[in-house]
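Topology and contacts: notes
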Amino acid sequence: MKNKWSRILIGAMGASLLLTGASSAAMAKAAPRPVVLKVLYMSQQGYSTSVLLKMGAEFHKEHPNVNIEFTFLPYPQLHSAILTSAAAPVAQYDVVLSDLIWTAEFAANGYTVPLNGYIHHYIKNPKGIPQSVWNGLSIKGKVMAMPFLANFQNFYYNKKMLAEAGFKSGPKTMTQWLHQMEVLKAKHIVQYPYEDSWLQAEGLVCDYVRTAGEFGNGNLFNAKGQPIMNQGPALKALEWMRMLYKDGLANPNSLAADEPTAANAFASGQAAFNTNWTFVTGIMNNKSESKIVGQGVVSAFPVAPGTNRATQSASISGFQGLAIAANTPASLKPWAWKWIQFATSPAVQAQHLHSEWPVWSSVATSPQEKRLNSWYKVYQQNLNAVYNRPAVANYLTVSSIIQQYVHEAISGTIPVKTAANDMVQQIESLHN
Amino acid sequence: MTSMPVESPPKRATLRQRVFRALSGEYFWLYLLLLPSILILIAVILIPMLFAFQMSLGNTSIVVVAGRGSINNQWVGLQNYLSLLQNPSFWQALRETLYFWVVSILIEITVGIGMAALMNQSFFGRRIFRVIVFIPWAIPTVVNAMLWGMIFDGNNFGALNDLLLQWHLIQSPIVWLNPSALFPQIPWLSNALSYLGSNLAMNSIIVGDEWKTLPIVAILVLAGMQTIPHEFYEAARVEGASAWRQFRQITLPLIAPVLTVVLILRTMQLMRAFTLIFTLEQFGLPVLSIQAYQQAFAFGSFGMGSAVSFLIGLIALIIAYFYIKRLYREEL
């Protein structure tokens, strides 16, 4: 009796296994297995959360079996999230937004994979993206991320304030800029003519490199890889920043301000000048955020006489690209590339021109862009004039030293020359 | 003469016997019910802690080999700890952390007890007052940080600056979140305070942090106060004791155990304070917790980051030891 029931039970189990197996096989034939692609992105203005979600939905329409799962983090948390994801056996994020300052580190430690093979096969016209953008995201011939965001800084000024001070246009040289700031202050048109993001963070390094660029070149290291902040344009930049702070031309709040704070000061009419990323263009003309609608002008950066002859400007790059994590499962890597190719394609970037400046020259010069962005010529000029921050594998350690000493030099805690020398000495000691 | 039978002393049970008795006797169900919690504690606290300690003794780096990520830990012994102790920036971070802790604790003890004493009185609207006082504690830390970021904005339109300018208490806006030296017109004092970790940003952040945490301190102290029998105070009043003496000799000794718990809890929290400082200053105010984060997650030096974390734990443990020791001495 017992045996009989056992046989029935085993028979039933076998039948159900067969049935489920058969139905699974049938399903597998009917529809491909759903793919979930985990993408790490930055919560920011420009290519915002809603823009990315829309892109994800469009991609899903083209590839119904692929779901994009986004994680949006603020910029200061991106690097640590990529690092912890790299430490896991299988990547927590298959596609990550990679900042150009991490290119050397990610390449040296193998956190993301070089994309040369994919680009060679699938990107028909790589020259359609400016070489300066490729350079920022490549190292030693390896392209570590596909350009997605062609972010760079613009020079913004308030034409109404300048007109009140008797100036018909913005400054072309550093001397003119200084003069305009002094007049604006002397005539009490604005208490502090300039506000920048000098909080002890990455934004400060961007402003320092760009200012050095305005004085000739933005190189903080020489060709041999030695730090040179205590000489040439880098030292002049430090002296300039200190002078603006000491003479009350730069708002003291700059030392505690990040980029959005500095942008808000400009948009609320508290500053006549702002040097910032491209998102300010949208803010200054947005009635809900700005008190200076119609007064803001986007311009090329003033430069020291006789420098930057080719570009007549000096900006800083903030390029970001999409990269594939090295520990992404092999089966997902082709899908990861498909998403990257989709999101960075000229066709998709052309749909979101109001959000960001496109990486593709063909899109940047399209009639649509010209219609949407009346400053497109200045944008192109500043993009062609970008300087990059140092491409060193231990960049974040180097950056933290630069941030500390530049901040102290501006606030006057230590003299400029001492700060520059100490900065150089400390960075050199990292390599000894 | 008959010899008295000598009772041999009971044999001491072996460890295995004692464990068996403990698990099989009246405590069986107790241990069984505790088991899930113990396993969770082992999984999420003990094992990660041991792993972090192991990392602190190594030169730890993240490596991805053949498509698999892992942590490579090369044993260096106490090298990370020694490097930290020889680094001046570690000592500055330690001084800033200790300043943050001392000032916060002093505020919490004085103002917290004061608030609790006030809430312990009976007055019209006491319940509503208690609810209102408790609201800041319910606000998420990041939201609190953003809120204080707007209050302390260094422009004219910053809430605090705007108020002070309207009242003509200041001539120009103050950059509250800039870690600038205090009293720059008195160099020796300014230098001494900077050395001790006191600057404008640090004090502003203490204000923001206390606004959020004072209510929980006050509520806990209030709970302690409410356990004190009224008769004690009545007897003291009959004896002619002043209010101050009643507080010093009745209230304070009887709330000491609660106060010790609060102090230990807050010391642990203050030693690892991170969110408010990082949200407002990023790496500009490098207290120990910020330094640990920066070492591990910005520089990728997980060994050094773990070493800083263990030193934070050790310091908090030493402080807690003195609190507890003092409490037991007073009870005796």
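This text follows the structure it describes.
To start, this report covers the structure provided alongside it. (Residues numbered from 1 in each chain as written. Chains lettered and ligands numbered in written order. Predicted model: local features only at pLDDT ≥ 70, side-chain atom pairs only at ≥ 80, totals over all residues. Heavy atoms only, no water.)

**Quick look at the overall build of chain B**
The line we're drawing: Strands are runs of DSSP state E lasting at least two residues, helices are runs of H or I lasting at least four, and both sets are numbered from the N terminus onward. Note that the radius of gyration is over C-alpha atoms, with the globule rule given as 2.2 Å times the number of residues to the power 0.38. Relative accessibility under 20% of the residue-type maximum defines a buried residue, over 50% an exposed one, and the middle range a partly exposed one, all with a 1.4 Å probe and only protein chains included. Should any heavy atoms of two residues lie within 4.5 Å, those residues are considered in contact. In these tables, accessible area is a Shrake-Rupley quantity obtained with a 1.4 Å probe, and a residue counts as shielded only by the protein chains included in the view. Charged residues are defined here as Lys and Arg on the positive side and Asp and Glu on the negative side; His and the ends of the chain fall outside this count. The location of each charge is read from NZ of Lys, CZ of Arg, CG of Asp or CD of Glu.
On a plain count of helices and strands, chain B comes out with 14 helices and two strands. The globule rule puts the C-alpha radius of gyration for 332 residues at 20 Å, and the 27 Å found for chain B is more than 25% above it. Dimensions of chain B, computed from the C-alpha atoms along their principal axes, are close to 105 × 80 × 40 Å. Across the 332 residues of chain B, 39% fall into the buried class. Partitioning the intrachain contacts of chain B with sequence separation of at least 6 by distance along the chain shows that 62% fall at a separation of at least 24. In the form shown here, chain B has an accessible surface area of approximately 20200 Å², with 69% of it arising from carbon and sulfur atoms. Here chain B contributes 19 positive and 14 negative side-chain charges, whose respective centroids are spaced 11 Å apart.

**Topic: the side chain of Thr97(B)**
Residues and elements named next belong to chain B. Just so we agree on the cut-off: N or O atoms closer than or at 3.5 Å make up a polar contact, with two conditions inside protein: a donor-capable atom paired with an acceptor-capable one, and, for residues adjacent in sequence, both atoms drawn from side chains.
Among the secondary structure elements, threonine 97 is positioned in helix 4 (residues 88–120). A distance of 2.6 Å separates a polar atom in the side chain of threonine 97 from the backbone oxygen of alanine 93. Aside from chain neighbours lying at most four places away, what touches threonine 97 is Met271, Val287 and Leu288.

**Observations regarding the side chain of Thr112(A)**
By secondary structure assignment, the location of Thr112(A) is in the loop between helix 4 (103–109) and helix 5 (116–122). Apart from residues no more than four positions distant in its own chain, Thr112(A) is found in contact with Val96(A), Phe106(A), Met144(A), Ala323(A), Ile324(A), Ala325(A) and Ala326(A).

**Considerations on the pattern of salt bridges**
Residue and element names in this part refer to chain A. Applied cut-off: Salt bridges are defined by distance alone: a side-chain nitrogen of Lys or Arg within 4 Å of a carboxyl oxygen of Asp or Glu.
In total, this model carries nine salt bridges over all chains according to the counting rule given. Between arginine 210 and aspartate 207 there is a salt bridge, and its shortest N-O distance comes to 2.8 Å. Of this pair, arginine 210 and aspartate 207 both sit in helix 9 (residues 202–214), three residues apart, which is roughly one turn of that helix. The burial state of arginine 210 is the same as that of aspartate 207; both residues are buried. A salt bridge links lysine 246 to aspartate 247; its shortest N-O distance comes to 3.7 Å. On the accessibility criterion, aspartate 247 (36% relative accessible area) is partly exposed. A single salt-bridge network, built from bridges that share partners, covers Asp196, Asp207, Arg210 and Glu214.

**Considerations on the sheet that holds strand 9 (residues 296–299) of chain A**
All names here are of chain A. Heads up, the rule is: Strands are treated as partners if at least two bridges between them are detected by DSSP. Axis definition: a line fitted to C-alpha atoms, over the contacting stretch in the case of helices. Angles run 0 to 180 degrees between N-to-C directions.
In spatial order, the strands read 8-7-9; together these three strands make up an open sheet with antiparallel pairing. Pairing within the sheet leaves two strands with one partner each, and these edge strands are strand 8 (273–277) and strand 9. Across the sheet, the mean angle from the axis of one strand to that of its neighbour is 30°, orientation sign disregarded. Across four bridges, strand 7 (residues 153–158) lies against strand 9 in antiparallel orientation. Across the sheet, asparagine 158 pairs through a bridge with glycine 296, a residue of strand 9.

**Describing the interface of chain B and chain A**
Going by this rule: Note: buried area is the sum, over both parts, of the accessible area (probe 1.4 Å) each one loses when the two are combined.
Taken together, the contact pairs 33 residues of chain B with 35 residues of chain A. Summed over both sides, the interface between chain B and chain A buries roughly 2500 Å², with carbon and sulfur atoms accounting for 56% of that surface. If you look at where chain B meets chain A, you find zero salt bridges. Looking at the side of chain B that touches chain A, the elements with two or more residues in it are strand 1 (58–65), strand 2 (68–75), helix 12 (275–281) and helix 13 (288–298) of chain B. Ranked by residues supplied to the side of chain B that touches chain A, first place goes to helix 13 of chain B with five residues.

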